[in-house]
There are 2 protein chains.
Amino acid sequence: MPRAPRLAAGSAAREAGACRQQSRIPLVFRPLLLERQEGSATHQLAAMDTDPPLQLRVFNLNCWAIRYLSKLRQERIGLIGDTLRQEGFDLALLQEVWSERDYCELKQKLTACYPYSHYFKSGVIGSGLCVFSRYPILDTFLYQYSLNGYPYMLQHGDWFCGKAVGLLVIKICGIIFHVYVTHLHAEYCRDKDAYLPHRVVQAWELAQFIQHTSKGADVVLLGGDLNMHPGDVGIRLLRGWTGLRDSFPDTERFEGCEDGCTLVPTNCFINKEELQPFPLGIRIDYILYKGLSHFAVKCDSLVTTTGTAPGKSIPYSDHEAVMATLCVKPREEAKGSSSAIEPELVDVVNEARTEVRVGLHTAERQRYSNGRMAILALLLLLLQAAMGLSSLVGWDSPQPFPKLSFSLLSLLATVVLLLSMVVYVFHTIEVKMLQGTEEQMRLALQALQDKLSSM
Amino acid sequence: MPRAPRLAAGSAAREAGACRQQSRIPLVFRPLLLERQEGSATHQLAAMDTDPPLQLRVFNLNCWAIRYLSKLRQERIGLIGDTLRQEGFDLALLQEVWSERDYCELKQKLTACYPYSHYFKSGVIGSGLCVFSRYPILDTFLYQYSLNGYPYMLQHGDWFCGKAVGLLVIKICGIIFHVYVTHLHAEYCRDKDAYLPHRVVQAWELAQFIQHTSKGADVVLLGGDLNMHPGDVGIRLLRGWTGLRDSFPDTERFEGCEDGCTLVPTNCFINKEELQPFPLGIRIDYILYKGLSHFAVKCDSLVTTTGTAPGKSIPYSDHEAVMATLCVKPREEAKGSSSAIEPELVDVVNEARTEVRVGLHTAERQRYSNGRMAILALLLLLLQAAMGLSSLVGWDSPQPFPKLSFSLLSLLATVVLLLSMVVYVFHTIEVKMLQGTEEQMRLALQALQDKLSSM
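Here's what I pulled together on the structure shown here.

Section: the overall build of chain A
Helix and strand content of chain A: nine helices and 13 strands. Taking all contacts inside chain A whose residues are at least 6 apart in sequence as the whole, residues at least 24 apart take part in 76%. Total accessible area computed for chain A in this model is approximately 19300 Å², and 56% of it derives from carbon and sulfur atoms.

Quick look at the sheet that holds strand β8 (residues 219–225) of chain B
Residues and elements named next belong to chain B. One open sheet holds the six strands; their spatial order is β5-β6-β7-β8-β11-β9, and the pairing between them is mixed. Across the chains shown, the open sheet's two edge strands, defined by having one partner strand only, are β5 (137–144) and β9 (245–246). The sheet contact formed by strand β6 (residues 164–172) and strand β7 (residues 175–183) spans eight bridges and is antiparallel. When the sheet's bridge partners are listed, Leu-167 is paired in β7 with Tyr-180. Packed on one face of the sheet, helix α5 (residues 196–213) meets β5, β6, β7, β8 and β11 (285–291) and runs near 165 degrees to β7. In the packing of helix α6 (residues 233–242) onto the sheet, contacts are made with β8, β9 and β11, and the angle to β11 comes to roughly 15 degrees.

Remarks on the nonpolar core
Ranked by internal contacts, the top residues of the largest apolar core, which has 167 residues, are A:Phe177, A:Leu221, A:Leu226, B:Ile170, B:Phe177, B:Leu221 and B:Leu226. Once residues within four sequence positions are removed from consideration, B:Ile170 is found in contact with B:Leu91, B:Ser133, B:Tyr135, B:Pro136, B:Ile137, B:Ile175, B:Ile176, B:Phe177 and B:Val179.

A closer look at the relation of the copies chain A and chain B
Each copy superposes on the other: chain A lies on chain B with an RMSD of 0.1 Å after a rotation of 180 degrees and an axial shift of 0.0 Å. In short, the pair behaves as if placed about a two-fold rotation axis. By C-alpha distance to the rotation axis, the residue of chain A lying nearest is A:Thr213, at 2.3 Å. Same-surface contact between copies: 100% of interface residues of chain A are shared with the interface of chain B.

Structural notes on helix α5 (residues 196–213) of chain A
An α-helical segment advances 3.6 residues per turn. Residues three or four places apart therefore align on the same side. The terminal C-alpha atoms of α5(A), which comprises 18 residues, lie 25 Å apart, in line with the 26 Å expected from a rise of 1.5 Å per residue. Extensive coverage of α5(A) is indicated by the burial of 16 of its 18 residues.

Looking at the side chain of B:Ser70
All names here are of chain B. For Ser-70, the position within the fold is in the loop between β1 (54–65) and α2 (73–87). From its side chain, Ser-70 meets the backbone oxygen of Trp-64 in a polar contact 3.1 Å long. Within the structure, the side chain of Ser-70 is placed 2.8 Å from the backbone nitrogen of Ile-66, a separation counted as a polar contact. Setting aside residues no more than four positions away along its own chain, Ser-70 makes contact with Trp-64, Ala-65 and Arg-76.

Points about the interface of chain A and chain B
Where interface size is quoted, it is often the accessible area lost as the parts come together. Contact with chain A, which involves 51 residues of that partner, is made by 51 residues of chain B. With both sides pooled, the region where chain A packs onto chain B buries about 4200 Å², and carbon together with sulfur makes up 67% of that total. Between chain A and chain B we count two salt bridges in total. A salt bridge links A:Glu100 to B:Lys432, with the nearest nitrogen and oxygen atoms 3.6 Å apart.

Definitions and cut-offs
Once a new chain begins, its residue numbering starts again from 1 and follows that chain's sequence as written. Ligands are numbered from 1 and chains lettered from A, in the order in which they are written. Note on the predicted model: pLDDT of at least 70 is required for a residue's local features to be given, and 80 or more for side-chain atom pairs to be given and counted; whole-chain, interface and lining totals, by contrast, use all residues. Just so you know, side-chain values use all the structure's heavy atoms and leave hydrogens and water out. Under the DSSP-based scheme used, a helix requires at least four consecutive residues in state H or I and a strand at least two consecutive residues in state E, with every element numbered from the N terminus. Throughout, a contact is declared for two residues whenever any of their heavy atoms are within 4.5 Å. In short, Shrake-Rupley with a 1.4 Å probe defines the accessible areas, and a residue's cover is counted only from the protein chains shown. We call two strands paired when DSSP finds no fewer than two bridges between them. What counts as an axis is a line fitted to C-alpha atoms, over the stretch in contact for a helix, and the angles between N-to-C directions run from 0 to 180 degrees. By nonpolar core we mean a set of buried residues, namely Ala, Val, Leu, Ile, Met, Phe, Trp, Tyr and Cys, connected to one another through side-chain atoms within 4.5 Å. The classification of residues rests on relative accessible area computed with a 1.4 Å probe and restricted to protein chains. Under 20% of the type maximum is buried, over 50% is exposed, and intermediate values are partly exposed. Least-squares superposition aligns the copies on the C-alpha atoms of those residues with pLDDT at or above 70 in both. Here, expected helix span is obtained from the residue count minus one, scaled by 1.5 Å. For the purposes of these results, a polar contact is taken to be a pair of N or O atoms within 3.5 Å, where, inside protein, one atom must be able to donate a hydrogen and its partner to accept one; residues adjacent in sequence count only when each atom of the pair is a side-chain atom. Once two parts are brought into contact, the accessible area they lose, counted with a 1.4 Å probe and summed over both, makes up the buried area. We define a salt bridge as a contact between a side-chain nitrogen of Lys or Arg and a carboxyl oxygen of Asp or Glu at a distance within 4 Å.

Structure below.
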């Protein structure tokens, strides 16, 4: 069954070519098959209501491609590439492609089907975010989250990834899409989630970034691993602040894991114990969208993989892929730029602000204890230096400690001093950012309440 | 002489109040006096051509308020506060207010005249950026530059400031202003400017941030210490990319230092030797602006201080203050969103890209030398550990080195190992960011050339 043709036109010849181009027949994701809509019309606002809707197939996956650590990485990257080539999506948003070699391999494989692609570089390792597109990428912009875990938590490693949100401006058949791809800080322990304030700050910055950078867009699209359950404060904040809609509850047709989960116990790479409190799994990978003034977007169908790649014995990743078919059509009446504010948003911002405050107290405590540690180490070093000097000039011999212990102790004090100083500086930055976010949220709450009271 | 009244209306009562409010008579900055325009009209797009223009008085100053280091800091902060209160500007954009105590002092003093203010927090010390406004601040957003010097350059200290650009959304008489305040990395040596690639990256990020976040604005306003001479590649890139106009060449009336300089040898806090190649001084503090679709902006008058604060024996700062009176009026015909591209912009982006590439080579070299240093220190430590152990178990006694030297050497090796590792990680991040910017510029150049060829 062929795919729906896209809304025609667009200025550049190659874009028009891409719009006309028919993709391959989807073999595996049946719900993606849509009713054929014949004919095309030049896209003009005046003739909007007669235009056929644009149908866009979006693929999102956290690829779990950490070199030397992720199991069967190369086989899975090969599999992801094959599927993307076979399926011919319009957009593929990938996360955790940590190695640029993997990105280049994918790029080489997909160049015919997805002539445009971008890899966002940041942090020590790289953001892991990349996008493959059938349509020209007109512009890109990266926003790195101001907080993203701790550099000394080497076993978690999020800090080294420079987590960020990437923006791509893509024009599809005359419609300006602002496509955002992101990956937020992981949740390692839900009961005692030390990273919750950082994730809330990231969700807030993501919401703000989308709000401030999407004014020129017709359609906003966000795909990524948000590391938040659908009811978590961060996702409610993001959705409430931006007005983005979640493809899972909104879709007309769904096929895949129960409750739309994207981390499921049937996936062979998943640690079953971690998912014990959630027998069905959890949903943390999302495709969110909204249409601005002149365009309305709805989700025609949504599909997730179910533990293994279709027709294969291994999954693409430890996460499930999410594939949405979005239908973009012109509104009959242009929507005003100032959409209605939900009164619940005040509670959500308040809740998020409380989380930020909790984080602030923790950060202040950690900064204090590192400062104290640095001072103690410095005092110890000074004492040792004084003792060393006095024994050298013969004031106080023989030395009261064995020389080896004395040397080891000074070594330890130096290491502790240096590390405490670095960590102190780091926590000072954390405190500043949390204070700044808390203040920003206070201002936002005030503006919200003003708007609500004037409504 | 009274100031020109502002365009009336605006939805909120307090805003309308602020619009009606007459400010004090400007005593010192004569060129700021403007023709009185009586009457006011409700601001509506339909009635635009009948509206009197809005006149906005903007103050910009790098305050040089570093606690314990800046001379006469408290006196100068007091003087700045007095002048701002006396003059009643509409907006005051300040940089280098490093201490939040100074900000609070200013806020307390100015609360009657400027009821709205915001301090942007970032980095270890704070961004130093703050804004005082007569009109309500509706929203704020901070973008920290991805590169900003080196943490080990303690004598320069830019890294610790978390240099950033702050965005404020301010509605004045129904017109949406996006006000940006920023401070870029300092230039310590013009002949061998080690920070040039970082400053070019900052200028590029600033330009991109403004372009992406200003789509919803009627007027864009940027004030700050850009640490770039008017002809420098960074400022040409910023102006070319954003279409912002420079108030100095554009103003109808100017009074102040020759060539609009803001670092002048007559300022008593200035190191005259540093300004030797520039006998008149240099212009590095700017007020830039542009009107979007429905509004046109021009600079009616521009004033700088001239080494001392008017009527005082000391200057406000080591920089001169810049004060612009901008005239905002509705366009007769709305301007298209896609403004004409100057072909010279391709050369400017290419030039900036070359600077980024130079920075990339340096960063790669520094990363390599730090990696090598860390490996050498590790080898030395391992060797010492082996020697220490062998002497402990009695295989190789007596020890061939004096024990004190042995201890000091291991201490030194540990310190070198730790520091080299931290600096290695830092330079890896720098390399990633420079590579990312270079790639972004390549994409931008391609898009520019496509646009130019289709024109």
